[in-house]
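Read off the chains here:
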Amino acid sequence: MALANEHYLKLKAGYLFPEIARRVNTFAQAHPEARIIRLGIGDVTRPLVPAVVEAFHRAVDEMARAETFRGYGPEQGYDFLIEAIRERAYAPLGVDLRPSEIFVSDGSKCDTSNILDIFGLDNRVAICDPVYPVYNDTNVMAGRTGPADERGYYQGIVYLPCTAENGFIPELPDEPVDLIYLCYPNNPTGTVATRDQLARWVEYALEHDAVILFDAAYEAFITEPGIPHSIYEVPGAERCAIEFRSFSKTAGFTGVRCALTVVPEALTARTPSGERVSLNKLWNRRQSTKFNGVSYPVQRAAAAVYSDEGWEQVRREIAYYMENARIIREGLAAAGITCYGGVNAPYIWLKTPGGMSSWDFFDRLLEECHVVGTPGSGFGPSGEGYFRLSAFGDRANVEAAVDRIRSRWGR
Ligand code: MLT
């Protein structure tokens, strides 16, 4: 008799974004005339930039000729992309990575969940609340938790509330934890952590022999100087942190798929018997066993992001989205809606008008304004009463959405 993984049954609801899509589709079918504006899931809308497209085409042409055709590539990624990442993404930050510390993959969503393969089940996990739901749900699926309570907190996970009161930066836990998920610039709140704030977490992790899983998927959207783009800008982080980065939002790769994970060689964890093992070696073993690498044309396309031309073009697209963020933030704030984020991240986190629940606001926004956002409570109990708007829409839609919300809820 085949036994199912019963931990999946503990999950309270469907994954957030498909659930939103389901509700929106139901509404759209009932109201085919409605011009729905989607600012829910953080999915890019601008096309790939020309430098990326050219590199992509060239690589496909290489695959079409016997003399340049390539079969399996290195599971860790091609040297040309790893070198570009070292030199263009990390060296300018003063972070000197070895090629063997960078692992190219097909997405940070997969990596932030796959990384759990190399950690024991008995680790105590700390997760921010609200949070990108993948960190929470994959720990439930792995069997690291008990059931959820009535608020939606799973037994065994240490939740770190991130609220307006603490500036959306979690307090250090008051009980020992072993794995800590941090995401800055933050999804969903759109806020950032300063170097000193990250340094406190690095100090905590070093002191408690814990590992930080640092999701930096939105670092390219930082506009203010002095905000760290990588946790490795904090000395000592190479001994206690794994970092995830993605081309998805940075370069419009949500449908192309390319990301990277950094696992420093200095990073170790203990076995139950006390032996220290290299997490870099375990991740390398995991990837070479379970993953066959990202396709050659995609890696050429990703490397083109770091060419002078590609980077300039990508920066322009990022500026476009950040202008959307400004329009949303300033437009709603001028209408008396309290907004956070949107300065160094493509998300605006707003307080629902009149203290409405997040899902009530979702439904009313959809029904009355035909605008889709993401209910804050879908990211965790501390997100209740908040709502997330994504800045990845096209300009005319973003402006129309802000107008519709202002005319319905503005002061
Ligand atoms: C989001 O909307 O939070 C993101 O698009 C989800 C993701 O990157 O997987």
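Residues numbered from 1 in each chain as written. Predicted model: local features only at pLDDT ≥ 70, side-chain atom pairs only at ≥ 80, totals over all residues. Heavy atoms only, no water.

**Q** Looking at this structure, how should I read the overall build of the protein chain?
**A** Counting its regular elements, the protein chain contains twelve helices and 15 strands. Taken over the C-alpha trace, the protein chain has a radius of gyration of 21 Å; the compact-globule value for 411 residues is 22 Å, and the two agree within 12%. For the protein chain, the C-alpha atoms occupy an extent of roughly 60 × 55 × 55 Å along the three principal directions. The proportion of buried residues among the 411 residues of the protein chain is 54%. When contacts within the protein chain are restricted to residue pairs at least 6 apart in sequence, long-range pairs at least 24 apart make up 72% of them. When the accessible surface of the protein chain is summed, it comes to about 17800 Å², and 50% of that surface belongs to carbon and sulfur atoms. In the protein chain, 42 side chains carry a positive charge and 53 a negative one; their mean positions are 3 Å apart. (Helix = DSSP H or I, 4+ residues; strand = E, 2+ residues; numbered from the N terminus. Rg over C-alpha atoms; globule rule 2.2 N^0.38 Å. Buried < 20%, exposed > 50% of the residue type's maximum accessible area, 1.4 Å probe, protein only. Contact = heavy atoms within 4.5 Å. Areas by Shrake-Rupley, 256 points an atom, 1.4 Å probe, with all protein chains shown as cover. Lys, Arg positive; Asp, Glu negative; His and termini not counted. Charge placed at Lys NZ, Arg CZ, Asp CG, Glu CD.)

**Q** Is there a simple way to think about the domain arrangement of the protein chain in this case?
**A** By a widely used convention, the size of an interface equals the accessible area lost when the partners come together. Along its sequence, the protein chain is carved into domain 1 (8-47 + 311-409) and domain 2 (52-308). Here the C-alpha centroids of domain 1 and domain 2 sit 25 Å apart. Listed by partner, the interface residues are 34 residues for domain 1 and 45 residues for domain 2. Here domain 1 meets domain 2 over a buried area of about 3300 Å², counting both sides, of which 62% is carbon and sulfur. Put simply, domain 1 and domain 2 have zero salt bridges between them. If you look at where domain 1 meets domain 2, you find 17 residue pairs in polar contact (both at pLDDT 80 or more). Those elements giving two or more residues to the side of domain 1 that touches domain 2 turn out to be helix H10 (308-334), strand S11 (339-341), strand S12 (347-351) and strand S15 (386-390). When residues of the side of domain 1 that touches domain 2 are assigned to their parent elements, the largest contribution, seven residues, is made by H10. Residue composition of the side of domain 1 that touches domain 2, grouped by class: 20 nonpolar, eight polar and six charged. (Domains from an automatic or database assignment. Buried area = accessible area lost by both parts, 1.4 Å probe. Salt bridge = Lys/Arg side-chain N within 4 Å of Asp/Glu carboxyl O. Polar contact = N/O pair within 3.5 Å; in protein donor to acceptor, adjacent residues only side chain to side chain. Nonpolar A, V, L, I, M, F, W, Y, C, P; charged D, E, K, R; others polar.)

**Q** Whenever I open this one, the site of the ligand confuses me. Can you help?
**A** The environment of the ligand is formed by Phe17, Ile41, Gly42, Lys109, Tyr132, Asn187, Tyr218, Lys249, Tyr347 and Arg388. Between glycine 42 and the ligand, the recorded distance is 2.6 Å, taken from a backbone N or O atom to an oxygen atom. Between an oxygen atom of the ligand and a side-chain N or O atom of arginine 388, the distance comes to 2.7 Å. Protein burial of the ligand: of its 270 Å² of free accessible surface, 84% is covered by the chains. Here the shell around the ligand gathers at least three residues from each of two domains, domain 1 (8-47 + 311-409) and domain 2 (52-308). (Near = heavy atom within 4 Å.)

**Q** How do you make sense of the sheet that holds strand S4 (residues 157-161) when you look at a structure like this?
**A** Picture the strands of a sheet paired through backbone hydrogen bonds; they go either parallel or antiparallel. With mixed pairing, the seven strands of this open sheet are ordered in space as S2-S8-S7-S6-S5-S3-S4. The open sheet terminates on both sides in strands that have one partner only, identified here as strand S2 (102-105) and S4. Between one strand and the next, the sheet's axes are offset by a mean angle of 20°, whatever the strand orientation. Sheet topology note: the strand S5 (residues 179-183)/strand S6 (residues 211-215) ladder contains five bridges and is parallel. The residue of S6 that forms the bridge with isoleucine 180 is isoleucine 212. The sheet strands contacting helix H6 (residues 195-208) are S4, S5 and S6, and the helix crosses S6 at an angle near 150°. (Pairing = 2+ DSSP bridges. Axes fitted to C-alpha atoms, helices over the stretch in contact; angles between N-to-C directions.)

**Q** Got a minute to help me understand the sheet that holds strand S14 (residues 374-375) in this structure?
**A** Taken in spatial order, the four strands line up as S11-S12-S15-S14 in an open sheet, and their pairing is antiparallel. Taken across any chain shown, the strands that pair with only one partner, and hence form the sheet edges, are S11 and S14. As paired elements, S12 and S15 share five bridges and run antiparallel to each other. By the bridge assignment, tryptophan 349 is partnered in S15 with arginine 388. Helix H11 (residues 358-369) rests against S12, S14 and S15 of the sheet, and its axis sits at about 45° to S15.

**Q** How should I be thinking about the packing of H10 against helix H12 (residues 395-409) in this particular structure?
**A** How two helices sit against one another is set out by the angle between their axes and by the gap between those axes. Remark: H10 packs on H12, axes separated minimally by 10 Å, with the N-to-C direction vectors making an angle of 10°. Classified by the angle their axes make, H10 and H12 are roughly parallel. Seen from H10, the contacting residues are Tyr320, Glu323, Asn324, Ile327, Ile328, Gly331, Leu332 and Ala334; seen from H12, they are Arg395, Val398, Glu399, Val402, Ile405 and Arg406. Looking at side-chain class alone, the contact of H10 with H12 contains eight nonpolar, two polar and four charged residues. (Parallel < 35°, antiparallel > 145°, perpendicular 65-115°, else oblique.)

**Q** I'm lost on the packing of aromatic side chains in this one. Help?
**A** According to the stated counting rule, one finds 25 aromatic pairs in the structure shown. Between the aromatic rings of phenylalanine 247 and tyrosine 306, the centroid separation amounts to 5.8 Å while the plane-to-plane angle is 75°, which identifies the pairing as edge-to-face. Here phenylalanine 247 is found in the loop between strand S7 (241-246) and helix H7 (248-251), whereas its partner tyrosine 306 is found in the loop between helix H9 (296-305) and H10, with 59 residues between them in sequence. For the pair shown, phenylalanine 247 and tyrosine 306 are each scored as buried. (Phe/Tyr/Trp six-rings, centres within 6.5 Å; stacked < 30°, edge-to-face > 60°.)

**Q** How should I be thinking about unusual backbone geometry in this particular structure?
**A** Excluding glycine, residues mostly carry a negative phi; peptide bonds, for their part, are mostly trans. Here the amide bond leading from tyrosine 184 into proline 185 is cis, since omega sits at -10°, within 30 degrees of zero. With respect to the secondary-structure elements, proline 185 resides in the loop between S5 and H6. Residue proline 188 is bonded to the preceding asparagine 187 through a cis peptide linkage, with omega at 20°. A positive phi angle is found at arginine 257, which is not glycine, with a value near 80°. Its place among the elements puts arginine 257 in the loop between H7 and strand S8 (259-262).

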